[in-house]
Amino acid sequence: MRVALADDGGLWREGLARLLELAGCEVTGPAADGDELLDLVRDDPPDTVVLDIHMPPGRDGGIPTAARLRELQPELGLLFLSQHAETPYLVRILQQSGSRAVGYRLKDSVADVRALHDTLVRIREGELVIEPELVRRLVAPARVEPERPLAKLTPTERKVLELMAEGLSNSGIAVRLAVTVKAVEGHVSGVFTKLGLPAETDGHRRVLAVLQYLRSRRPVDSP
Amino acid sequence: MTADARLALHEDLLLTAVASSSLGLLNTQMMSGLRAQAQELRLAQLRIEEARLEERRQLGRDLHDGVQLRLAALTLRLAELSFRTHLDDHGLRVQLDDARREVQGVLADLRDVARGIHPVLGEEGLGAALEALAERQPLPVTIRAPEERHPPAVEVAAYYVVAEALANTLKHAQAHRADVLVTRNGESLRVEITDDGVGGACDGPGSGIQGLRDRLRMLDGTLTVQSPRGRGTIVTAVIPCA
């Protein structure tokens, strides 16, 4: 896999380039900001781009840069990295770059050859990959009002919900839980029924529906 | 009345009128002088508050680009070493992975510290920062906030009002839920944090609430607390945006 790497922190960038090579990738670049990355991708098209959300231009230049990259190369895989795993950033990424072949992960979580490799493979296959720490926070039982349907999920259903929110497909969830795909389909159906959500078979819409449900923000009533 | 008498009375009245209008004039001048001074003082306070804010923003950036970056790079080195360690040397690999997890723990703590220094707002705005805050609370917190942006000092002040109010709720209120409502009221931002706990909140000198009130005063803002015993607590802050 050909990977273009962009990050304005030299130390991190060098280390990640080495790790990507250990994970079996051919690394192009590196680039130190969004503009350099655009030039790099134009001159030497990769399969996937690994980029820092918080690099120039501006404060969070990674996100608009990725949108422009997708215009150049619609099939490009995108892995966004950050020191923070925050839902608002995830939402903006989804708004600007969609949910196909997109990943959002904490920098510390990809400091592992296996985890890095798996994340890149999933993105290459068109999946949406979301940092588990972010999802865990969203699904944490203490955060949920007892009368909400979410509190009434069984432990297995809660786990399935978590894995759905991480972007895993039914087969991915089956592997993770060591059960059959059919069993997973049953749990997924149960979850959606209990939460009162329309059953979504499409992977991406499903993740978006789950995330939307889990967020603590209510839409504002007009003043 | 004779003409002279009338003139004398008129003169007296005239003199009194002149005298009192001079006094009036003097008062007016004093008043506008005081008003100008008060305005300058207020502007100075605002500048101090904004300088403080910029300082903290810079501290947050330094943390991100310095300590956090170096530690993150360290986790990469440990990952590399672990990977390169010969499969036979299982013990060493385990130790390297443990070391890496330890550093990841430090990074997680640093993220919390960074958030205390300056909210991770970026280009997202107050609603997003509050959402991120709400997600981290061990009780359900709903956030309602407008999408529009406000002056940075106002947004940061609003964020910390909510953070402090929620911290108090967690410490004392024994509440089951909290709700945060942010609305734009004409020229001001209004922030209301409600919990369904035991009430009886203390907001006297030395309390966190008093500290918040002082900070808000720098921005010409106000903070009130309604906390009848047994009936929950409502903390309300009003911060001018102009």
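Here we summarise the structure given alongside this text. (Residues numbered from 1 in each chain as written. Chains lettered and ligands numbered in written order. Predicted model: local features only at pLDDT ≥ 70, side-chain atom pairs only at ≥ 80, totals over all residues. Heavy atoms only, no water.)

1. Some points on the overall build of chain A
Point 1. Of the regular secondary structure elements, chain A holds 10 helices and six strands.
Point 2. Against the globule reference of 17 Å for 223 residues, chain A gives a C-alpha radius of gyration of 18 Å, in line with a compact fold.
Point 3. Its C-alpha atoms put chain A at 50 × 50 × 30 Å along the principal axes.
Point 4. Taken over 223 residues, chain A has a buried fraction of 57%.
Point 5. Considering only intrachain contacts with a sequence separation of at least 6, the fraction spanning at least 24 residues in chain A is 67%.
Point 6. Surface summary for chain A: the accessible area is close to 9,100 Å², and the carbon and sulfur share equals 52%.
Point 7. Of the side chains in chain A, 29 bear a positive and 33 a negative charge, and the two mean positions are spaced by 7 Å. (Helix = DSSP H or I, 4+ residues; strand = E, 2+ residues; numbered from the N terminus. Rg over C-alpha atoms; globule rule 2.2 N^0.38 Å. Buried < 20%, exposed > 50% of the residue type's maximum accessible area, 1.4 Å probe, protein only. Contact = heavy atoms within 4.5 Å. Areas by Shrake-Rupley, 256 points an atom, 1.4 Å probe, with all protein chains shown as cover. Lys, Arg positive; Asp, Glu negative; His and termini not counted. Charge placed at Lys NZ, Arg CZ, Asp CG, Glu CD.)

2. Some points on the sheet that holds strand β2 (residues 178-185) of chain B
Residue and element names in this part refer to chain B.
Point 1. The strand order across the open sheet formed by five strands is β1-β2-β3-β5-β4, and the pairing between neighbours is mixed. Here the strands that pair on one side only, and so sit at the sheet edges, are β1 (141-144) and β4 (222-226). Neighbouring strand axes in the sheet, compared pairwise and without regard to direction, differ in orientation by 10° on average.
Point 2. Bridge count between β2 and strand β3 (residues 188-195): eight bridges; the pairing is antiparallel. Each residue of the ladder has a partner; that of Asp179, found in β3, is Thr194.
Point 3. Together, β1, β2, β3, β4 and β5 (233-240) form the strand contacts of helix α4 (residues 152-173), whose direction differs from that of β3 by roughly 10°.
Point 4. Each of β4 and β5 touches helix α5 (residues 208-218); the most contacted strand, β4, lies at about 150° to it. (Pairing = 2+ DSSP bridges. Axes fitted to C-alpha atoms, helices over the stretch in contact; angles between N-to-C directions.)

3. A few points about the packing of helix α6 (residues 132-139) of chain A against helix α7 (residues 155-165) of chain A
Residue and element names in this part refer to chain A.
Point 1. Closest axis-to-axis distance for the α6/α7 pair is 9 Å, and the angle between their directions is 135°. Relative to α7, the element α6 lies oblique. The chirality of how α6 crosses α7 is right-handed. Two secondary-structure elements touch here, α6 through Val135, Arg136 and Val139 and α7 through Arg158, Leu161, Glu162 and Ala165.
Point 2. Residue classes in the contact of α6 with α7 are distributed as four nonpolar, no polar and three charged. (Parallel < 35°, antiparallel > 145°, perpendicular 65-115°, else oblique. Left-handed = near helix turned anticlockwise from the far one by under 90°. Nonpolar A, V, L, I, M, F, W, Y, C, P; charged D, E, K, R; others polar.)

4. Topic: the pairing of β5 of chain B
Within a regular beta strand, the side chains point alternately toward one face of the sheet and then the other, so they alternate between its two faces.
All names here are of chain B.
Point 1. With eight bridges connecting them, β3 and β5 associate as antiparallel partners. Paired with Ser188 across the two strands is Pro240, which belongs to β5.
Point 2. Bridge count for β4 against β5 is five bridges, and the pairing is antiparallel. Bridged to Leu223 within β5 is Ala237.
Point 3. Linkage of β4 to β5, two consecutive antiparallel strands, is achieved through a turn of six residues, within which Gly230 is found at a positive phi near 80°.

5. Overview of helix α3 (residues 62-72) of chain A
Point 1. For α3 of chain A, the complete set of buried residues consists of Gly62, Ile63, Thr65, Ala66, Ala67, Leu69 and Arg70 of chain A.
Point 2. Each element contacted by the buried residues of α3 of chain A is listed here: α2 (34-43), β3 (48-52), β4 (77-82), α4 (87-97) and β5 (102-106) of chain A.

6. Considerations on the sheet that holds strand β6 (residues 128-130) of chain A
All names here are of chain A.
Point 1. An order of β2-β1-β3-β4-β5-β6 is seen for the six strands of this open sheet, with the pairing classed as parallel. For this open sheet the edge positions go to β2 (26-31) and β6, each flanked by a neighbour on one side alone. Strand after strand, the sheet turns through a mean of 20° between neighbouring axes, direction not considered.
Point 2. Bridge count for β3 against β4 is five bridges, and the pairing is parallel. Looking at the pairing, Val49 lines up with Leu78 of β4.

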